[in-house]
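# Summary of structural features
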Amino acid sequence: MTADTLISTKLHMPGARPGVVPRPHLVAELEAGLQAGRALSLVCAPAGFGKTTLIREGVAGSKLPGAWITVDEADDDPT
């Protein structure tokens, strides 16, 4: 895997999966945070609980621009 491929996967939102269960009440919570002027919202849940799906749905439904970055344990080294 090249560095360009690795960087590309970290900077693009994952694709939608079929059969996703919409969570409008959680998307509304994200939107309420934006309306309240919060610059950051933290979504914290165990693996497999739909964090990525929620953020993807929230960004898709927002009129504001969104950005995506994926970080993992190896991304804590500034070099």
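All values derive from a computational prediction rather than experimental measurement.

Let us now look at a nonpolar patch on the surface. On the surface, a nonpolar cluster with roughly 400 Å² of combined accessible area is contributed by I7, L11, I69 and V71. Its location among the elements puts I69 in the segment after α3 (51-61).

It is worth spelling out the pattern of salt bridges at this point. Following the criterion strictly, the structure yields one salt bridge and no others. Note that K10 and D72 form a salt bridge whose closest N and O atoms lie 3.2 Å from each other. With a gap of 62 residues between them, K10 in helix α1 (residues 3-11) and D72 in the segment after α3 connect regions that are remote in the sequence. When its relative accessible area of 17% is taken as the criterion, K10 is described as buried.

Another point: helix α2 (residues 24-35). Given a rise of 1.5 Å per residue, twelve residues ought to cover 16 Å, and the 16 Å separating the end C-alpha atoms of α2 matches this to within 8%. Three or more residues of α2 are buried, namely V27, L30 and G33. On an axial view of α2, the arc spanned by its buried residues comes to 115 degrees, and they lie on one face. When the buried face of α2 is taken as reference, the exposed residues oriented beyond 90 degrees from it are P24, H25, E29 and Q35. Contacts from the buried residues of α2 go to α3. Looking one or two residues beyond α2, the residue adopting positive phi is G37, at roughly 85 degrees.

Let us now look at the packing of α2 against α3. Where α2 contacts α3, the two axes come as close as 9 Å, and the packing angle between them is 65 degrees. Where α2 crosses over α3, the two elements pack in a sense that is right-handed. Contact residues: α2 offers P24, L26, V27 and L30, while α3 offers L54, I55, E57 and G58. In terms of residue class, the contact of α2 with α3 is made up of six nonpolar, one polar and one charged.

What counts, and where the lines are drawn
- Residues numbered from 1 in each chain as written.
- Predicted model: local features only at pLDDT ≥ 70, side-chain atom pairs only at ≥ 80, totals over all residues.
- Heavy atoms only, no water.
- Patch = residues over 30% accessible without salt bridge, like charges linked within 9 Å, V, L, I, M, F, W, Y side chains within 5 Å.
- Areas by Shrake-Rupley, 256 points an atom, 1.4 Å probe, with all protein chains shown as cover.
- Salt bridge = Lys/Arg side-chain N within 4 Å of Asp/Glu carboxyl O.
- Helix = DSSP H or I, 4+ residues; strand = E, 2+ residues; numbered from the N terminus.
- Buried < 20%, exposed > 50% of the residue type's maximum accessible area, 1.4 Å probe, protein only.
- Expected span 1.5 Å × (residues − 1).
- Arc of directions from axis to C-beta.
- Contact = heavy atoms within 4.5 Å.
- Axes fitted to C-alpha atoms, helices over the stretch in contact; angles between N-to-C directions.
- Left-handed = near helix turned anticlockwise from the far one by under 90°.
- Nonpolar A, V, L, I, M, F, W, Y, C, P; charged D, E, K, R; others polar.

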